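Structural description and commentary
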Amino acid sequence: MCFAPRPTYFFGWRRADCTAKPMGETLRREKMHSKTDIVQSSAEALRYPWENHPGPDQVVEVRPGVLWVRLKLPFRLNHVNIYLLADGDGWAMVDSGFGNEESIAAWTTLFEGPLAHVKITRLIVTHSHPDHVGLAGWIVERFDCPLHMSQVEYLQSVYHQNRGTEERRNAQRLFFRRHGMDENLTDKLLGRGQDYLKRVSILPPSYRRISHGDEISIGTRRFKVITGGGHALDQVMLYCAADKLFLSADQVLSKISPNVSVWAVEPDQNSLGEYLASLASLTTTLPYDVIVLPGHGVPFYGLKTRIKQLADHHEERCRLIADACREVPQTSKELVPVVFHKHVLDVHQMGFAAGELIAHVNYMLVEGRLTAEEADGVLRFRTT
């Protein structure tokens, strides 16, 4: 299938001619700059076939029947990847983008340009974060298509849309204060959280559940549903064994570490332990030579190498925390600059940094590497 009205679109695996059935003309596919031909010394080495990402009015075909779209985000992590999978006479969409007018405008440009003849048959949302579920309601309404999510992630999305009660704000305030955040910082973090998590369109009132271990057909492909915790509670990933194709959502990213945090709704959650267990399971479940399509960054090879890097990254953070707490017990606030010392954090980033620091502390408490001491309602941590 080809797309009108442009006479060409980018294609990243091979040069091929294509007959544009809707327009009755032959279109030429231009090969995107690729590193695929570089000889690698190791079969498990990290490789990035595409140096460039799609522009705002472009679609990249990473495999026959697999399209890659990139939408902008209004913060430091400045983009999210959306994938379209050939599905009969239409396309299944994986994730929807952030719930703001800029994302709607970007989709409108694509649906009036390179995706003008595309029909969305279903929307699969990997998890409840606003950059992934944000426009679910808008997409479902525009194409009259069903929404597919894991049950936990759908209900978590509903929770985020209705979390602004006074009782919940008080719980969040106590959570941050217990970890050493002062009143001024707590107020800023609460303001940031309320704004960020509201950036979603109204969720559809019903959904179709997908669960870990399910096998689903999308077009001619069969995908196994894999879910994992840590970054989200029950994030959905899709694996097609026949094509060695792995849509990793935000669980395994190409060049950055996914945020793994703990929040007030479950203050003792061992989210880092859940995340590391998920990575270990992926290592044993998936082959080394899959192509990984992540929620951010660029597609890549070298899944198991990347998983080891991510696990090592978190162990290094645990080591920094252990060293800092060896002589004098520390609060989570005091530990944030110990771990996040490379950049000046704005309020948005500070919220994620605090949540991630607490995730590491909780993991180390479970592992017996730290003990907790509470005085005047504030927790401090000491290395065992």
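A few points on the structure.

Structural notes on the overall build of the chain
- Summing up its helical and strand segments, the chain has 10 helices and 17 strands in all.
- Burial status across the chain gives 54% buried among its 384 residues.
- Look at the contacts in the chain between residues 6 or more apart in sequence, and 64% of them connect residues 24 or more apart.
- Carbon and sulfur atoms form 51% of the exposed surface of the chain, whose accessible area is close to 16800 Å².

Quick look at the environment of V225
- Along the chain, V225 turns up in strand β12 (residues 221–228).
- Sequence separation of V225 and L238 is 13 residues, and the distance between their C-alpha atoms is 5.0 Å.
- Residues within four places of V225 in sequence aside, it is in contact with S211, H212, G213, D214, I216, V236, M237 and L238.

Brief notes about the packing of helix α8 (residues 303–324) against helix α9 (residues 332–339)
- Remark: α8 packs on α9, axes separated minimally by 10 Å, with the N-to-C direction vectors making an angle of 125°. With respect to their mutual orientation, α8 and α9 come out oblique. Considering the relative orientation of α8 and α9, their crossing is right-handed. Facing α8, whose interface residues are R317, L320, I321 and A324, α9 presents L335, V338 and V339.
- Residue composition of the contact of α8 with α9, by class: six nonpolar, no polar and one charged.

A closer look at the pairing of strand β11 (residues 215–218)
- The alternating pattern of β11 places I216 and I218 on a buried face, while none of E215 and S217, on the opposite face, is buried.
- Strand direction decides the pairing type here: β11 and β12, joined by four bridges, are antiparallel. Residue pairing across strands places S217 opposite R222, the latter belonging to β12.
- The antiparallel hairpin formed by β11 and β12 contains two residues in its connecting segment, where G219 sits at a positive phi of about 60°.

Some thoughts on the nonpolar core
- Counting 45 residues, the largest nonpolar core has F246, V252, L282, L303, I321 and L357 as its most contacted members.
- At the level of elements, α5 (166–178), α6 (183–197), β13 (235–240), α7 (271–285), α8, α9, α10 (347–366) and β17 (378–383) are the ones that each hand at least two residues to this core.
- When residues in this core are grouped by element, the largest group, nine residues, is from α10.
- Contact partners of V252, with chain neighbours within four places excluded, come to L279, L282, V292, P294, F300, L303, R306, I307 and L310.
- Residues L84, L115, I120 and W138 belong to the second largest nonpolar core, which totals 33 residues.

Focus: the side chain of S254
- Checked against the element boundaries, S254 lands in the loop between β14 (245–249) and α7.
- In terms of polar contacts, S254 uses its side chain to reach the backbone amide nitrogen of V298, at 3.2 Å.
- Every residue in contact with S254, bar those within four places of it in the chain, is listed here: Y48, P294, H296, G297, V298, F300 and R306.

As for empty space enclosed by the protein
- Per the counting criterion, the structure on display carries two cavities of 30 Å³ or more.
- Roughly 70 Å³ of internal volume is contained in the largest cavity.
- Lining the largest cavity are 14 residues, and of these V94, D95, T126, L247 and A249 sit closest to its centre.
- Among the elements of the structure, β6 (79–87), β13, β14 and β15 (291–294) are those that each provide at least two residues to the lining of the largest cavity.
- Classifying every residue of the lining of the largest cavity by side-chain character gives nine nonpolar, four polar and one charged.
- For the lining of the second largest cavity, the secondary structure elements donating two or more residues are α2 (130–133) and α4 (151–161).
- Here the element with the most residues in the lining of the second largest cavity is α4; it accounts for three residues.

What about unusual backbone geometry?
- One non-glycine residue, K244, lies in positive phi territory at about 50°.
- As for its placement among the helices and strands, K244 is situated in the loop between β13 and β14.
- Positive phi values are uncommon outside glycine, yet A249 reaches one of about 50°.
- Locating A249 in the fold gives a position in strand β14.
- A249 sits in the buried class, given a relative accessible area of 5%.

Things to note about the packing of α9 against α10
- Here α9 crosses α10 at 100°, and the two axes come no closer than 9 Å. Taken together, α9 and α10 sit at an angle that is classed as roughly perpendicular. Judged by residue contacts, S332, L335, V336 and V339 of α9 engage M350, A353, A354, L357, I358 and V361 from α10.
- Residue composition of the contact of α9 with α10, grouped by class: nine nonpolar, one polar and no charged.

The rules behind these values
- Residues numbered from 1 in each chain as written.
- Predicted model: local features only at pLDDT ≥ 70, side-chain atom pairs only at ≥ 80, totals over all residues.
- Heavy atoms only, no water.
- Helix = DSSP H or I, 4+ residues; strand = E, 2+ residues; numbered from the N terminus.
- Buried < 20%, exposed > 50% of the residue type's maximum accessible area, 1.4 Å probe, protein only.
- Contact = heavy atoms within 4.5 Å.
- Areas by Shrake-Rupley, 256 points an atom, 1.4 Å probe, with all protein chains shown as cover.
- Axes fitted to C-alpha atoms, helices over the stretch in contact; angles between N-to-C directions.
- Parallel < 35°, antiparallel > 145°, perpendicular 65-115°, else oblique.
- Left-handed = near helix turned anticlockwise from the far one by under 90°.
- Nonpolar A, V, L, I, M, F, W, Y, C, P; charged D, E, K, R; others polar.
- Pairing = 2+ DSSP bridges.
- Core = buried A, V, L, I, M, F, W, Y, C linked by side-chain atoms within 4.5 Å.
- Polar contact = N/O pair within 3.5 Å; in protein donor to acceptor, adjacent residues only side chain to side chain.
- 1 Å grid on protein atoms, 1.4 Å probe; cavity = no way out; pocket = protein on both sides within 12 Å on 5 of 7 lines; lining within 4 Å.
- Points joined across faces, edges and corners; volume = space filled by probe spheres on them.

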